[in-house]
Every structure is written in C-alpha cells, then in structure tokens.
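An overview of the molecular structure
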Amino acid sequence: AQRVTQPEKLLSVFKGAPVELKCNYSYSGSPELFWYVQYSRQRLQLLLRHISRESIKGFTADLNKGETSFHLKKPFAQEEDSAMYYCALSSGNTPLVFGKGTRLSVIA
Amino acid sequence: EAGVAQSPRYKIIEKRQSVAFWCNPISGHATLYWYQQILGQGPKLLIQFQNNGVVDDSQLPKDRFSAERLKGVDSTLKIQPAKLEDSAVYLCASSLPIGGTRNSPLHFGNGTRLTVT
C-alpha cells in the first residue's frame, strides 16, 4: 500500500533561516512524488514534482529512493512561505495519496 | 484559464440530513476527483472519474455517499444521510491525463466546508 508520512505537524523557523520539511513514503515500485502548498485563504496548488527537478520559489526537493524520502528544502525562509505543505505520491496512473501536511510558520 | 469551481463554499446540516456538492472542472480536463479532507489530515480520495466513467471509488462509503458525472463535465457528490464524522472539506480537482501525473498536475477548487451537527 502507498503511504506518505510527514512527521511534523508544525514547523516554525525565523526569517532567513534554512527550512526542511520532511516527507517519507512507502511504495515498492517507482513513485512519483509531489509537494503541494496551500497559502492562507487560497486553494491547494502544486509547488513542485520530482520529475521536473526544478526550483520553485527557492524550494527544491530531491527524491532519495534509498531512504524513501522527498524532503522539501529552502536555504533562506521568507515570511510569504508560511503555509500548509503536503507531500503526495502517485504510482503511474493511480490517484495522488497525500500526507497529513506540515504547517510552516516563518517568524519575522 | 478559469479554475475549478465548487459550490457551495460552506454548508451546515444536521445529522441524518442530505447534502449535495457541485463541481465544474477546468474546460477540457477529462479526469475529475473528489477528495475529503478532515481537519488535521491530508486530502483522501473518494472517487475518480475519467470523462463520465468511474475509475476508482474504492474509498467511497457507498452506503451513504454517491457521485455522478453524467455528461463528462460537471459532477455532483451527495451524502445521504450525513453523519457527524462527515464534517470535512470536500475538494474537487481535475486534470488532463489519468492520475494527474507526467505533465499535468491536479488543479483543485476552493472546496466546500461541511459541518454536520
């Protein structure tokens, strides 16, 4: 069964500090991993996905198959990064399975 | 492009009553999903449509929940009768290919917040 674990419900960091939102998954095949973000009063939206290998808003995430992880990182947090972040997994044509989410709070 | 539209935004009902939610996906998106998001949890898939056919409804509580997408565009999700534990945000999403993977992500609506008292 596919499962996504986000161990932290809440992560508070100071502005300018590095950020790492943890995500671990369980799936025996070749997964596709995503990070979705929900800013206050906005809809859930895609932030980035591992196949794109891109940096969005300064965030990056590397798929580590050995550790079954897909942690989201940003070297310098900004106040506008405060939001709910959800890690999600898909396997080919199956629908996304979401983690419980981590609320990131960036303190000025 | 216009986003996924959902209505109503909020709904409060008493247990054992019925409720229906409506979703209009992005034009041209063949795949439509209904997710349930209980407070403090991530979205959980209820049902997936490809055009007007059901692809996956394995997690839909079929004794009380039903959904349809008759013309392959709009969709409605119904709960009858509602229970207290149905209180949640109901999210509709759409995408181009099956699964929303590859080059087409899921586009979510604003959701309907249901409170069952």
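Just above sits the structure.
The sections below set out a description of the structure shown in this document.

The next thing to look at is the overall build of chain B. Broken down by element type, chain B carries 0 helices and 11 strands. Each helix and strand of chain B, placed in order from N terminus to C terminus, yields the pattern β-β-β-β-β-β-β-β-β-β-β. Since a compact globule built from 117 residues should have a radius of gyration of about 13 Å, the 13 Å found for chain B is in line with a globular shape. The dimensions of chain B, computed from C-alpha atoms along their principal axes, are 40 × 25 × 25 Å. For chain B, the proportion of its 117 residues judged to be buried stands at 46%. In chain B, 55% of the contacts between residues at least 6 apart in sequence involve partners at least 24 apart. For chain B, the accessible area works out to roughly 5,700 Å², and carbon and sulfur atoms hold 50% of it. Where the 13 positive side-chain charges of chain B centre and where its 9 negative ones centre are 3 Å apart.

Once that is clear, we can look at the pairing of strand 5 (residues 32-38) of chain A. All names here are of chain A. Along strand 5, 6 of the 7 residues are buried, which leaves the element largely enclosed by surrounding structure. Bridge analysis of strand 5 against strand 6 (residues 45-49) gives 4 bridges, and the strand direction is antiparallel. Counted as the bridge partner of Tyr36 is Leu46 from strand 6. Joining the antiparallel neighbours strand 5 and strand 6 is a turn of 6 residues, in which Arg41 adopts a positive phi near 65°.

What follows concerns the sheet that holds strand 8 (residues 72-74) of chain A. Residue and element names in this part refer to chain A. Strand order across the open sheet formed by 3 strands is 3-8-7, with antiparallel pairing between neighbours. Every other strand in the sheet has two partners, leaving strand 3 (19-21) and strand 7 (60-61) as the edge strands with one partner each. Where strand 7 lies against strand 8, 2 bridges are found, and the strand directions are antiparallel. The residue bridging Thr60 from the neighbouring strand is Lys73, located in strand 8.

On to the state of the cysteines, then. All names here are of chain A. Counted under the stated rule, the structure contains 2 disulfides over all chains. Each disulfide pairs two cysteine sulfurs, and for Cys23 the partner residue is Cys87, the sulfurs being separated by 2.0 Å. Across the S-S bond linking Cys23 and Cys87, the dihedral sits near -65°, which makes this disulfide left-handed. Placement of Cys23 in the loop between strand 3 and strand 4 (24-26) and of Cys87 in strand 9 (residues 83-90) is noted, with a sequence separation of 64 residues between them.

Our next topic: the pattern of salt bridges. Under the criterion given, the structure shown has 6 salt bridges over all chains. The closest approach of N and O atoms between Glu20(A) and Lys22(A), which form a salt bridge, is 3.0 Å. Judged by its relative accessible area of 29%, Glu20(A) falls in the partly exposed class. Between Arg64(B) and Asp86(B) there is a salt bridge, and its shortest N-O distance comes to 2.5 Å. Of this pair, Arg64(B) sits in the loop between strand 6 (53-56) and strand 7 (65-68) while Asp86(B) sits in the loop between strand 8 (75-79) and strand 9 (88-95), placing them 22 residues apart in sequence.

Here we come to the packing of aromatic side chains. Within this structure, the stated rule accounts for 11 aromatic pairs over all chains. Judged by centre distance (5.6 Å) and plane angle (65°), the rings of Tyr36(A) and Phe98(A) are edge-to-face. On the criterion of sequence distance, the pair formed by Tyr36(A) in strand 5 and Phe98(A) in strand 10 (residues 97-98) is long-range, its members being 62 residues apart. The buried category is assigned to Phe98(A), whose relative accessible area is 8%. Relative to Tyr90(B), the ring of Phe21(B) has its centre 5.0 Å away and its plane inclined at 25°; by these criteria the two rings are stacked.

Rules used throughout
- Residues numbered from 1 in each chain as written.
- Chains lettered and ligands numbered in written order.
- Predicted model: local features only at pLDDT ≥ 70, side-chain atom pairs only at ≥ 80, totals over all residues.
- Heavy atoms only, no water.
- Helix = DSSP H or I, 4+ residues; strand = E, 2+ residues; numbered from the N terminus.
- Rg over C-alpha atoms; globule rule 2.2 N^0.38 Å.
- Buried < 20%, exposed > 50% of the residue type's maximum accessible area, 1.4 Å probe, protein only.
- Contact = heavy atoms within 4.5 Å.
- Areas by Shrake-Rupley, 256 points an atom, 1.4 Å probe, with all protein chains shown as cover.
- Lys, Arg positive; Asp, Glu negative; His and termini not counted.
- Charge placed at Lys NZ, Arg CZ, Asp CG, Glu CD.
- Pairing = 2+ DSSP bridges.
- Disulfide = S-S within 2.5 Å.
- Salt bridge = Lys/Arg side-chain N within 4 Å of Asp/Glu carboxyl O.
- Phe/Tyr/Trp six-rings, centres within 6.5 Å; stacked < 30°, edge-to-face > 60°.

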